[in-house]
Amino acid sequence: MFVNKNEETWSDKKPGTASIWSGENRLFFEGSTGVPLVHSVSFGYENCDEWYDVAMERKEGHIYGRNTNPTVQLFEKKMCLLDGGEASTSFATGMAAISNSLFALLGPGKRVVSLKDTYGGTSRVFMEFLPAYDVDVMLCETTDHEQLEKEIAKGCDVLYLETPTNPTLKVIDLQRLIDAGKKTGAVTIVDNTFSTPINQKPLELGADLVLHSATKFIGGHADAMGGILSGKKELVEKVFRYREINGATLHPMAAFLMIRGLKTLELRMQRSNENAMAIARFLETQAQVESVFYPGLESNAGHEIAKKQMKGFGGVLSFSLKGGFEDVKRLLPKLEHAYLAAHLGGANTIVGPPRTTSHVETTVEQRKELGIPEGLIRYAVGLENSEDLIADLKSALNAL
Ligand SMILES: *Cc1c(COP(=O)(O)O)cnc(C)c1O
């Protein structure tokens, strides 16, 4: 866990500068200017008194790798400053960030209000694992703000939000629902994975906690898994105390890769935003395409809200083919510059149908209820040149 004691403030700096320099304003081990990757599981002391002071948290330091580690803590510090939180703690995966937060903040008799369209794994926690601990889970129609406000007003310990959603990129009004949550004293958590702090900052809108799957855009190179939670100190600490014992600790090697990824986060998000916008506009003009889902498009139902709360519309879009799943199966292998795989936020473009990725556990009827067409393709734009990606899509569409 990292707690921001304001000895280093980056709020007056742009995010590109902050993500590179925060936490690096001193010389490192043996004078190295690169961040040291500390693999050591234990940390030593000169005497018992010093050890005791660290254990009692009267002195800064590390004891054991499951609790804290210097490389991991530097990643937490950078994310804390980027998210604008009082404190941050990290996890082995994004799902560990989500499940540890929900299990630490909820319990028998508590009530959580959320959306039908949360990330597939999150939705499993809501439908399968939390009810087993007698948590009352209420999942609302994702963009039905009136229903959400009504359910929040009935009493709500945790309000859990995610926007834009996966895979149909629905947008919910964060300010409106965070305000509703405040009225009932709910702890509001926002999954900000699709946006990163570059495109959207839920803590500035009054959310109590923000979390990300760092496996996606934050790491940015599809070679490390991780999760991060930032926000109010006492809440982050409560989740950290649970995570220390639960053991879903971020590996130092993954933290090292996340720190490297963060240095180009702003640049990568700018490129992702531009690429996705260009591709969404191109797809809208294609005869084989039924609809395009991207919050940056004026035609998108959530566009006005997205414009209000996002600086960029992100690197993920989806589109449906008129020819349904048969055409999806024909189109995807024709794409030269896209892996057929389940991930997003890496340098390489990745595509997949929801029925093999985010919604692998759902039936045709459930997908219909969620408004996911059978001909839908999620297109997670990489960092290639948009001209080449568009040419690739064009030739694959023309060959249908
Ligand atoms: C991938 C993802 C997660 C889960 O993250 P993992 O690192 O795979 O555990 C959670 N939320 C969203 C929106 C995601 O895209």
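The structure we're discussing is the one just above.
Residues numbered from 1 in each chain as written. Predicted model: local features only at pLDDT ≥ 70, side-chain atom pairs only at ≥ 80, totals over all residues. Heavy atoms only, no water.

**Q** Tell me about the pairing of strand β8 (residues 227–231), and please be specific about residues and values.
**A** Most of β8 sits out of view: five of its five residues are buried. Of the two faces of β8, the one lined by G227, L229 and G231 and the one lined by I228 and S230 are each fully buried. Both strand β2 (residues 87–91) and β8 contribute to a ladder of five bridges, which runs antiparallel. From the neighbouring strand, S88 faces β8, where its bridge partner is S230. Sheet topology places strand β7 (residues 209–213) next to β8; five bridges connect them, and they run antiparallel. From the neighbouring strand, S213 faces β8, where its bridge partner is G227. (Buried < 20%, exposed > 50% of the residue type's maximum accessible area, 1.4 Å probe, protein only. Helix = DSSP H or I, 4+ residues; strand = E, 2+ residues; numbered from the N terminus. Pairing = 2+ DSSP bridges.)

**Q** Help me get a handle on the site of the ligand, residues and values and all.
**A** Around the ligand sit 14 residues, and of these M95, D191, S213, T215 and K216 come closest. Within the backbone of M95, one N or O atom sits 2.8 Å away from an oxygen atom of the ligand. Side-chain polar atom of K216 to an oxygen atom of the ligand: 2.7 Å apart, as the coordinates give it. For the ligand, the protein covers 94% of the area, taking 380 Å² as the surface of the free molecule. Looking at the shell around the ligand, the element that brings in the most residues is helix α4 (residues 94–105), giving three residues. For the shell around the ligand, a count of residues per class yields five nonpolar, six polar and three charged. (Near = heavy atom within 4 Å. Polar contact = N/O pair within 3.5 Å; in protein donor to acceptor, adjacent residues only side chain to side chain. Areas by Shrake-Rupley, 256 points an atom, 1.4 Å probe, with all protein chains shown as cover. Nonpolar A, V, L, I, M, F, W, Y, C, P; charged D, E, K, R; others polar.)

**Q** Residue-level account of the sheet that holds strand β13 (residues 376–380), with values.
**A** Each strand in a sheet pairs with its neighbour through backbone hydrogen bonds, running either in the same direction (parallel) or in the opposite one (antiparallel). The strand order across the open sheet formed by five strands is β9-β10-β13-β12-β11, and the pairing between neighbours is mixed. The open sheet terminates on both sides in strands that have one partner only, identified here as β9 (289–293) and β11 (339–340). In this sheet, strand β12 (residues 350–352) lies alongside β11 in parallel orientation, the contact comprising two bridges. In the strand pairing of β12, Y339 is matched with I350. Strand contacts of helix α11 (residues 265–284): β9, β10 (316–321) and β13, with the helix running at about 15° to β10, the strand carrying the most contacts. This element, helix α13 (residues 324–331), spans β10 and β13 of the sheet and lies at about 120° to β10. (Contact = heavy atoms within 4.5 Å. Axes fitted to C-alpha atoms, helices over the stretch in contact; angles between N-to-C directions.)

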